[in-house]
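Fold and contact review
What follows is each chain in one-letter form.
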Amino acid sequence: IGGGGGGGGKGGWGGGGGDVKGGGKIRAPEGWKMFVGGLPADITESELFSVFSTYGEVAKVHVMPPNAQGKVASFVYYVNDHSGEDAIKVLNNVYKIRADAPEAVQVR
């Protein structure tokens, strides 16, 4: 699950089932789905909700367990697809979820 940071990949954002809109955006039953990677192991849903709700109404946040390398990722679901586009533009490879985070988050 999740996606490691490497090249390749799809344009747009999201993944998994649901309706696909131009650019690879996925409309899941919970809302417009986007991937967030590069998170600290102890990240909470409420922390992510707080950050991502700045860009629009968040329908759901799902934090996945760490992968074999100990990396943590989540899915954030927005009510409106434009909210996800705004979050990607501002946060992807720029925003550190915490001041002491070693790297910026990946948002796609």
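In this numbering scheme, every chain counts its residues from 1 along its sequence in written order. For this predicted model, a pLDDT threshold of at least 70 governs which residues receive local features, and a threshold of 80 or more governs which side-chain atom pairs are given and counted, while totals over whole chains, interfaces and linings are taken from all residues. Remark: hydrogens and water are excluded; side-chain values derive from all non-hydrogen atoms of the structure.

**Notes on the overall build of the protein**
Every helix listed is a DSSP run of H or I at least four residues long, and every strand listed is a run of E at least two residues long, numbered separately from the N terminus. Across its full length, the protein carries two helices and six strands. When the elements of the protein are put in sequence order from the N terminus, they spell out β-β-β-α-β-β-α-β. Relative accessibility decides the category of a residue: with a 1.4 Å probe and only protein chains considered, values under 20% of the type maximum give buried, values over 50% give exposed, and everything between is partly exposed. Expressed as a percentage of the 108 residues in the protein, the buried residues total 37%. Whether two residues are in contact is decided by their heavy atoms: any pair within 4.5 Å suffices. Sequence separation of at least 24 residues holds for 50% of the intrachain contacts in the protein that already meet a minimum separation of 6. Element-wise, carbon and sulfur atoms account for 52% of the exposed surface of the protein, whose accessible area totals about 5900 Å². Using a 1.4 Å probe, accessible areas were evaluated by the Shrake-Rupley method; residue-level cover was limited to the displayed protein chains.

**As for the nonpolar core**
What makes a nonpolar core is a set of buried Ala, Val, Leu, Ile, Met, Phe, Trp, Tyr and Cys residues whose side-chain atoms join them at distances within 4.5 Å. Among the nonpolar cores identified, the biggest contains 18 residues, and Met34, Phe52, Val76 and Val107 are the most heavily contacted of them. Counting six residues, the second largest nonpolar core, distinct from the first, contains Met64, Ala73, Phe75 and Tyr77.

**Quick word on the packing of aromatic side chains**
Aromatic rings from Phe, Tyr and Trp, with only the six-membered ring used for Trp, were paired whenever their centres fell within 6.5 Å, and each pair was classed as stacked if the ring planes differed by under 30 degrees, edge-to-face if by over 60, and tilted otherwise. Under the counting rule described, the total for this entry stands at one aromatic pair. Ring geometry for Phe35 against Phe75: centres 6.2 Å apart, planes inclined by 70°, an arrangement best described as edge-to-face. Of the two residues, Phe35 is situated in strand β3 (residues 31–39) and Phe75 in strand β5 (residues 72–78); the sequence distance between them amounts to 40 residues. Judged by its relative accessible area of 14%, Phe75 falls in the buried class. Whether a charge sits over a ring comes down to the Lys NZ or Arg CZ being within 6 Å of the ring centre and within 35 degrees of the ring normal. Sitting over the face of the ring of Phe75, Lys33 holds its NZ or CZ atom 4.2 Å from the ring centroid.

**With respect to the pattern of salt bridges**
Oppositely charged side chains may form a pair once their charged atoms are brought near each other. Any carboxyl oxygen of Asp or Glu within 4 Å of a side-chain nitrogen of Lys or Arg constitutes a salt bridge here. If you walk through the whole model with that rule in mind, you get three salt bridges. With its nearest N and O atoms 2.6 Å apart, the salt bridge here joins Arg98 to Asp42. Of this pair, Arg98 sits in the loop between α2 (81–91) and β6 (106–107) while Asp42 sits in the loop between β3 and α1 (45–52); the two residues are 56 residues apart in sequence, bridging distant segments of the chain. Three or more residues are tied together by salt bridges with common partners; here these are Asp42, Glu47 and Arg98.

**Here we look at the pairing of strand β2 (residues 25–28)**
One ladder, built from three bridges, connects β2 with β3; its direction is antiparallel. The partner of Ile26 across the bridge, within β3, is Lys33. Two strands pair under a simple rule: DSSP has to find at least two bridges between them.

**Comments concerning the environment of Val51**
In this structure, Val51 sits in helix α1. Each C-alpha atom of the pair Val51 and Ile97 lies 8.1 Å from the other, and the pair is 46 residues apart in sequence. Dropping the residues within four chain positions of it, Val51 is found in contact with Leu91, Tyr95 and Ile97.

**A word on α1**
Taken together, the buried positions of α1 are Leu48, Val51 and Phe52. All buried residues of α1 lie within an arc of 85° about the axis, which places them on one face of the element. Of all possible arcs, the one meant is that of the directions from the helix axis to the C-beta atoms.

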